[in-house]
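Observations on the three-dimensional arrangement
The primary structure of each chain is shown beneath.
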Amino acid sequence: MKILAIESSCDETAAAVVEDGRKVLSSVVASQVDIHALYGGVVPEIASRAHTEAICGVVSEAIKKAGLETKELDAIAVTYAPGLIGALLTGLSFAKGLAYSTGLPLIPVHHIRGHVAANYLAFEELKPPFVALVVSGGHTSLLRVNSYTDYETVGVTRDDAAGEAFDKAARVLGLPYPGGAAMDRLAHLGNKKAFKFTVSHVDGAPCDFSFSGLKTAVINLVHNEEARGHVMDDSLRADVAASFTEAAVKTVCRGVEGLYAEGEALPLVLAGGVAANSHLRVALSSFAETRGVKLFMPPLSLCGDNAAMIASQAYYEALAGKKATLDLNAYACMEA
Ligand code: KG4
Ligand code: ZN
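Conventions adopted
Residues numbered from 1 in each chain as written. Chains lettered and ligands numbered in written order. Predicted model: local features only at pLDDT ≥ 70, side-chain atom pairs only at ≥ 80, totals over all residues. Heavy atoms only, no water. Donors = N, O, S within 2.8 Å, 3.2 Å for Na, K, Ca; no water. Tetrahedral: all angles 85-135°; square planar, octahedral: opposite > 155°, others 65-115°. Helix = DSSP H or I, 4+ residues; strand = E, 2+ residues; numbered from the N terminus. Contact = heavy atoms within 4.5 Å. Buried < 20%, exposed > 50% of the residue type's maximum accessible area, 1.4 Å probe, protein only. Pairing = 2+ DSSP bridges. Core = buried A, V, L, I, M, F, W, Y, C linked by side-chain atoms within 4.5 Å. Near = heavy atom within 4 Å. Polar contact = N/O pair within 3.5 Å; in protein donor to acceptor, adjacent residues only side chain to side chain. Areas by Shrake-Rupley, 256 points an atom, 1.4 Å probe, with all protein chains shown as cover. Nonpolar A, V, L, I, M, F, W, Y, C, P; charged D, E, K, R; others polar. Domains from an automatic or database assignment.

**Overview of the coordination of the zinc ion (ligand 2)**
Binding of the zinc ion (ligand 2) to the protein goes through His-111 (NE2), His-115 (NE2) and Asp-305 (OD), at separations of 2.0 to 2.1 Å. If you look at the zinc ion (ligand 2), its four donor atoms make angles of 94 to 130° with each other, and the shape they trace is tetrahedral. Sequence spacing among the residues donating to the zinc ion (ligand 2) works out to H-x3-H-x189-D. With His-115 in helix 4 (residues 111-122) and Asp-305 in the loop between strand 10 (295-296) and helix 10 (308-319), this residue pair connects regions lying 190 residues apart in the sequence.

Listed below in structure tokens is the structure:
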């Protein structure tokens with residue numbers, strides 16, 4: 001089954017064709033990062049407009065690169081939740097139009113399920129059940145994936161997502177948006193013991209996360225350093241990045257440890273943009289080795305938003321009989 005998927009939930013316009021959920025025939029991503037970098041973050045209205053401009057070209061290119069004609073496709077899939085509502089609606093409206101004009105079935109896909117499915121593209125042997133740790137710009141959660149289409153939330157952030165904290169820390173350190181990857185590099189150059197940030201936990205909920213305190217702490221620390229007349233030179237910035245990263249990674253790992261301490265025995269699957277963080281990958285590898293947990297981490301190319309992951313999940317949604325009608329709506333928030 002060859003599925004064309006469209007992803008437009010945030011600041012990447014993406015389209016891809018994937019065969020039987022596992023074989024990527026094409027994957028095209030048009031990033032809007034340069035536009036939003038001017039404002040230090042994603043401007044939703046600008047994102048919607050940029051998706052509108054890019055989507056025709058991106059979808060045509062994905063079909064062409066797959067070496068197919070539209071009539072050879074079996075279904076159209078689209079991310080319908082969660083995300084920026086205007087951005088989602090752009091991709092959704094396009095997908096509906098395409099499904100209507102071709103007569104192909106329309107398959108709605110949850111963005112987070114897509115992030116998890118990125119791992120199916122990388123690991124042929126990976127099958128549910130497993131635990132997914134999703135860390136992205138908008139989400140941080142621990143999910144029990146009982147089957148390809150049966151998700152259970154076991155832990156969730158009570159406030160900000162991990163990626164949001166990375167991006168705000170990067171911003172206060174003067175790094176361009178989105179700062180996650182630049183923070184990752186800078187943290188390698190600093191002393192992680194230079195500043196002490198609290199590793200948060202949620203009382204009575206060992207698998208939940210909280211990042212807003214850490215986000216505020218790093219912003220206050222930099223402002224205080226500046227107020228004291230300390231120059232935020234490269235070495236000081238690297239120390240802040242390293243110390244912040246140490247706490248952020250420990251915060252993520254703490255939730256995972258909380259779950260496995262309760263007796264969880266399933267493999268652990270990492271997903272989402274922050275899955276690219278090298279410090280987190282090292283920490284999780286070491287946790288998995290110590291605890292004898294089987295760990296799957298997607299290649300860096302599949303961590304960020306793309307449509308191949310959406311097409312992969314769509315295949316399993318289709319097998320489970322999920323099909324949308326043309327009155328399908330988009331939703332800014334929705335549990336996986
Ligand atoms: O999954 P994603 O592409 O979009 C959402 O669904 O939110 O994640 C984007 C997030 C951004 O916050 C970005 O800064 C972060 O992932 N990110 C990283 C790294 N690469 C991307 N955060 C930390 N370290 C990285 N290497
Ligand atoms: Zn995402």
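That covers the picture; the talk isn't over yet.
**A word on the environment of Val-156**
Topologically, Val-156 is positioned in strand 8 (residues 150-156). Taking the C-alpha atoms as reference, Val-156 lies 31 Å from Thr-325; in sequence the two are 169 residues apart. Every residue in contact with Val-156, bar those within four places of it in the chain, is listed here: Thr-140, Ser-141, Cys-207, Asp-208 and Phe-209.

**What to know about the pairing of strand 2 (residues 12-19)**
Where burial is concerned, most of strand 2 is hidden: seven out of the eight residues are buried. Summarising the sheet, strand 1 (residues 2-7) and strand 2 pair through six bridges and their orientation is antiparallel. Bridging across to strand 2, Leu-4 finds its partner in Val-17. Connecting strand 1 to the next strand, strand 2, in antiparallel fashion are four residues. Pairing of strand 2 with strand 3 (residues 23-31), which is carried by eight bridges, proceeds in the antiparallel orientation. Bridged to Ala-16 within strand 3 is Ser-27. Here strand 2 folds back onto strand 3 in antiparallel fashion, the turn holding three residues, of which Asp-20 has a positive phi close to 50°.

**What about the nonpolar core?**
Counting residues in hydrophobic clusters, the biggest one holds 51 residues, and the most contacted among them are Leu-133, Leu-173, Met-183, Phe-244, Leu-268 and Leu-280. Going through the elements one at a time, strand 6 (130-135), helix 5 (162-172), helix 6 (180-187), helix 7 (212-227), helix 8 (234-261), strand 9 (268-271) and helix 9 (278-291) are the ones with two or more residues in this core. Leu-280 has contacts with Val-135, Val-249, Val-252, Cys-253, Leu-270 and Val-274, leaving out every residue within four places of it along the chain. Residues Ala-118, Val-134, Ile-310 and Ala-311 belong to the second largest nonpolar core, which totals 37 residues.

**Quick notes on helix 5**
Counting buried residues in helix 5 gives nine out of eleven residues, a clear majority hidden from the surface. Among the residues of helix 5, Ala-162, Gly-163, Glu-164, Ala-165, Phe-166, Asp-167, Ala-169, Ala-170 and Val-172 are the ones counted as buried. Close packing links the buried residues of helix 5 with strand 6, strand 7 (140-147), helix 6, helix 7 and helix 8.

**A closer look at the site of ligand 1**
Near ligand 1, the surroundings consist of 19 residues, among which Gly-137, Asp-167, Asp-184, Gly-273 and Asn-277 are the closest. Between ligand 1 and Gly-138 there is a distance of 3.1 Å, counted from an oxygen atom to a backbone nitrogen or oxygen. Within the contact set of ligand 1, a nitrogen atom lies 3.0 Å away from a side-chain nitrogen or oxygen of Asp-184. Burial of ligand 1 by the protein chains amounts to 87% of its free accessible area of 550 Å². Among the elements of the structure, helix 4, helix 5 and helix 6 are those that each provide at least two residues to the shell around ligand 1. Looking at the shell around ligand 1 residue by residue, the classes come out as five nonpolar, eleven polar and three charged. Built from parts of two domains, the shell around ligand 1 gets at least three residues from each of domain 1 (2-117 + 304-319) and domain 2 (127-301).

**As for the pairing of strand 4 (residues 75-81)**
Of all the seven residues making up strand 4, seven are buried; the element is thus mostly covered by neighbouring parts of the structure. Alignment of strand 1 against strand 4, held across four bridges, turns out to be parallel. The partner of Ile-6 across the bridge, within strand 4, is Val-78. Bridge analysis of strand 4 against strand 5 (residues 106-110) gives five bridges, and the strand direction is parallel. Bridge pairing in strand 5 places Thr-79 opposite Val-109.

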